[in-house]
Amino acid sequence: MVMPIADFYRRRITVARVYGIPVRIDYRWFVVFAMSAWLIATNLGHGGMWVGQVQLPPVDSATAWILGTITTLGLFMSVFGHELSHALMGRAEGIEIEEILLHPFGGLARLRNEPHSPGAEFRIAVAGPAASFLFAVFSYVAMLLAMMGRYPVAAGVFFLIGSGNLLLAIFNLFPGYPLDGGRVLRAILWRKSGNITHATRMAGICGILIAGMIILFGVYIMIAPNWRPSRPYFMGVWSILVGLFLLDTATKVVRSAQSAKLVTVGDVMSPPVTIAPELAVSTLIDEVLPLHRQTSFPVALNQQLQGILALEDLKSLPREVWRTTHARDVMRPIGPRFFVEPSTTLDRARELMKRNGVGSLAVINSNGELVGFLLGGKLRRRERSPASTVPS
Ligand SMILES: [Zn+2]
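In this text, all values refer to a predicted model and were calculated from it rather than measured experimentally.

Turning our attention to the overall build of the protein. When its secondary structure is counted, the protein shows 13 helices and 13 strands. Relative to the compact-globule value of 21 Å for 392 residues, the protein shows a C-alpha radius of gyration of 27 Å, a clear excess of over 25%. Along the first, second and third principal axes, the C-alpha set of the protein runs to 85 × 45 × 40 Å. The proportion of buried residues among the 392 residues of the protein is 48%. Expressed as a percentage of contacts within the protein between residues at least 6 apart in sequence, the contacts between residues at least 24 apart total 63%. On the protein, roughly 19900 Å² of surface is accessible, and the fraction owed to carbon and sulfur atoms is 64%. Separation between the mean location of the 37 positive side-chain charges and that of the 25 negative ones in the protein comes to 6 Å.

This part takes up the sheet that holds strand β7 (residues 296–301). Pairing in this open sheet of three strands is antiparallel, and the strands run β7-β8-β9 from one edge to the other. At either end of the open sheet lies a strand with only one pairing partner, and these are β7 and β9 (332–333). Pairing geometry for β7 and strand β8 (residues 304–310), over six bridges, is antiparallel. By the bridge assignment, Leu 301 is partnered in β8 with Gln 304.

Listed as protein donors to the zinc ion are His 82 (NE2), His 86 (NE2), Asp 180 (OD) and Asp 180 (OD); their distances from the metal cover 2.0 to 2.6 Å. Geometry at the zinc ion is irregular, judged from its four donor atoms and the angles of 55 to 151° they form at the metal. Summarised as a motif, the one-chain spacing of the donors to the zinc ion is H-x3-H-x93-D. Pair noted here: His 82 and His 86 are both in helix α3 (residues 61–92), with a separation of four residues, about one helical turn. Across the pair, exposure class does not vary: His 82 and His 86 are buried alike.

Below, the discussion takes up the pairing of strand β5 (residues 97–103). Counting buried positions along β5 gives seven out of seven residues, so the element sits mostly inside the fold. Sheet topology places strand β2 (residues 21–26) next to β5; three bridges connect them, and they run parallel. Each residue of the ladder has a partner; that of Ile 25, found in β5, is Leu 102. The pairing of β5 with strand β6 (residues 106–111) spans six bridges and is classified as antiparallel. Within the sheet, the bridge partner assigned to Ile 100 lies in β6 and is Ala 109.

A few words now on the pattern of salt bridges. According to the stated counting rule, one finds 10 salt bridges in the structure shown. The shortest N-O distance in the salt bridge between Glu 99 and Arg 24 comes to 2.6 Å. With Glu 99 in strand β5 and Arg 24 in strand β2, this residue pair connects regions lying 75 residues apart in the sequence. Assessed through its relative accessible area of 3%, Glu 99 is described here as buried. With a relative accessible area of 15%, Arg 24 lands in the buried category.

This paragraph deals with a nonpolar patch on the surface. A contiguous nonpolar patch, built from Leu 134, Val 137, Phe 138, Val 141, Leu 145 and Met 148 and spanning about 620 Å² of accessible area, is present on the exposed surface. Overall, the relative accessible area of 51% leaves Leu 145 in the exposed class.

Overall, mixed pairing links the three strands, which are arranged β10-β11-β12 in an open sheet. In this open sheet, the two strands that pair with only one neighbour each are β10 (339–340) and β12 (370–375). Taken together, the two bridges between β10 and strand β11 (residues 360–364) define a ladder with parallel strand orientation. Bridging from a neighbouring strand, Val 340 pairs with Val 363 of β11.

So, about the packing of aromatic side chains. As enumerated under the stated definition, the model contains four aromatic pairs in all. One aromatic cluster in this structure is built from Trp 29, Phe 30, Phe 33 and Phe 76.

Position of Phe 158 among the secondary structure elements: in helix α5 (residues 152–172). Spatially, the C-alpha atom of Phe 158 lies 8.5 Å from that of Ala 146, the residues being 12 residues apart in sequence. Contacts of Phe 158, omitting those with residues within four sequence positions, involve Ser 139, Ala 142, Met 143 and Ala 146.

Time to look at the layout of surface pockets. Quantified by volume, the largest pocket comes out at close to 1900 Å³. Looking at the largest pocket, it is lined by 50 residues, and the ones nearest its centre are Leu 75, Gly 164, Leu 167, Phe 234 and Trp 238. Ranked by residues supplied to the lining of the largest pocket, first place goes to α5 with 10 residues. Of the residues assigned to the lining of the largest pocket, the class counts are 34 nonpolar, 15 polar and one charged.

With that settled, consider the pairing of β7. The element β7 is largely enclosed, with a buried count of five among its six residues. Where β7 folds back onto β8 in an antiparallel hairpin, the turn is made up of two residues, including Asn 302, whose phi is positive at roughly 50°.

A word on the side chain of Ser 296. Among the structural elements, Ser 296 can be located in strand β7. Among the polar contacts listed, one links the side chain of Ser 296 to the side chain of Ser 360, at a separation of 2.6 Å. Excluding residues that lie within four positions of it along the chain, Ser 296 makes contacts with Ile 308, Leu 309, Ala 310, Val 358, Ser 360, Phe 373 and Leu 375.

Before going further, it helps to examine the packing of helix α6 (residues 180–193) against helix α7 (residues 196–223). Contact geometry of α6 with α7 gives a least axis separation of 8 Å together with a crossing angle of 145°. Where α6 crosses over α7, the two elements pack in a sense that is right-handed. Touching Gly 182, Leu 185, Arg 186, Leu 189, Trp 190 and Ser 193 of α6 are Ile 196, His 198, Ala 199, Thr 200, Met 202, Ala 203 and Cys 206, all from α7. Considered class by class, the residues forming the contact of α6 with α7 number eight nonpolar, four polar and one charged.

Thresholds applied
Residues numbered from 1 in each chain as written. Predicted model: local features only at pLDDT ≥ 70, side-chain atom pairs only at ≥ 80, totals over all residues. Heavy atoms only, no water. Helix = DSSP H or I, 4+ residues; strand = E, 2+ residues; numbered from the N terminus. Rg over C-alpha atoms; globule rule 2.2 N^0.38 Å. Buried < 20%, exposed > 50% of the residue type's maximum accessible area, 1.4 Å probe, protein only. Contact = heavy atoms within 4.5 Å. Areas by Shrake-Rupley, 256 points an atom, 1.4 Å probe, with all protein chains shown as cover. Lys, Arg positive; Asp, Glu negative; His and termini not counted. Charge placed at Lys NZ, Arg CZ, Asp CG, Glu CD. Pairing = 2+ DSSP bridges. Donors = N, O, S within 2.8 Å, 3.2 Å for Na, K, Ca; no water. Tetrahedral: all angles 85-135°; square planar, octahedral: opposite > 155°, others 65-115°. Salt bridge = Lys/Arg side-chain N within 4 Å of Asp/Glu carboxyl O. Patch = residues over 30% accessible without salt bridge, like charges linked within 9 Å, V, L, I, M, F, W, Y side chains within 5 Å. Phe/Tyr/Trp six-rings, centres within 6.5 Å; stacked < 30°, edge-to-face > 60°. 1 Å grid on protein atoms, 1.4 Å probe; cavity = no way out; pocket = protein on both sides within 12 Å on 5 of 7 lines; lining within 4 Å. Points joined across faces, edges and corners; volume = space filled by probe spheres on them. Nonpolar A, V, L, I, M, F, W, Y, C, P; charged D, E, K, R; others polar. Polar contact = N/O pair within 3.5 Å; in protein donor to acceptor, adjacent residues only side chain to side chain. Axes fitted to C-alpha atoms, helices over the stretch in contact; angles between N-to-C directions. Left-handed = near helix turned anticlockwise from the far one by under 90°.

Now the structure itself:
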């Protein structure tokens, strides 16, 4: 199989497709995999790890490496299971999933667009940690069974996988974007204020604070005089790297929320492709649609908006009556949910488009003239913000 060139330059490879979702791995992830296998192998090799009341005996180095690799694979599958849980919940909420990405600091289920409601956002966010909690419970049960069967080393492996999952679930519930807890926070703020941009910005700011705390924690581990965990430098550097990664993502999210706030409809609208109220549906389909592939059109006469015609509404219209039906017969008559002024923020316009049933908006100036048109689908494609991702 030839590796796709585009994938190569993005430094990630597609390793599988699960439920049709591409699963990709960042190259740097392999370094982390090797490091994790090595760390676990050395620990098991030396023995002495406590699992409950039992102290693990040392194992020979080949066994240690095999166990290290198996445990790391188990942890890898756990992160993947966490992301898959987000992805499947996203799909259940009607969102297309672009990919699941495993990167050095965990995983990411990339959604093609934003959840349509705070409730959907909440369910997608908690699906990941819920899966991790479940995996932790399974692993601990397996650990107990292994102990009862007197396989202490197997119990040790299940203990590590269970603890990894527990850590993944708890860490991800920290209330700062881009962590899952930050998405929960965003859903709550979004429900309260009705404004997704404001909610994103606040959750992002909490994310920056949490990232800062993780970085400070990493520094503290390395210099603390009277508290030395095993491998303090390794853990410290790791914390700092994770913190920097979160800081970078959270900062980008806050920035993009800020700019979305300032962009107005006037900045992004297109000139309207209007159709006359008297236009026959057959003419629209035969002559207008081939030139302008859009899912809805403003219906106007002398720059006065009369309504919006959504192609979706034509589906139920029998072909025989296309010639005798006019735009005004099938359009949705003008109403406040179908138009905005050029000064309206893009953020507000997006909210309106999501809920008005046609996915587009007419733009009307202060003299009541139709001056522009916004198509939701087009906007989404143009700016896919980092806000539409679910990091682990
Ligand atoms: Zn997650």
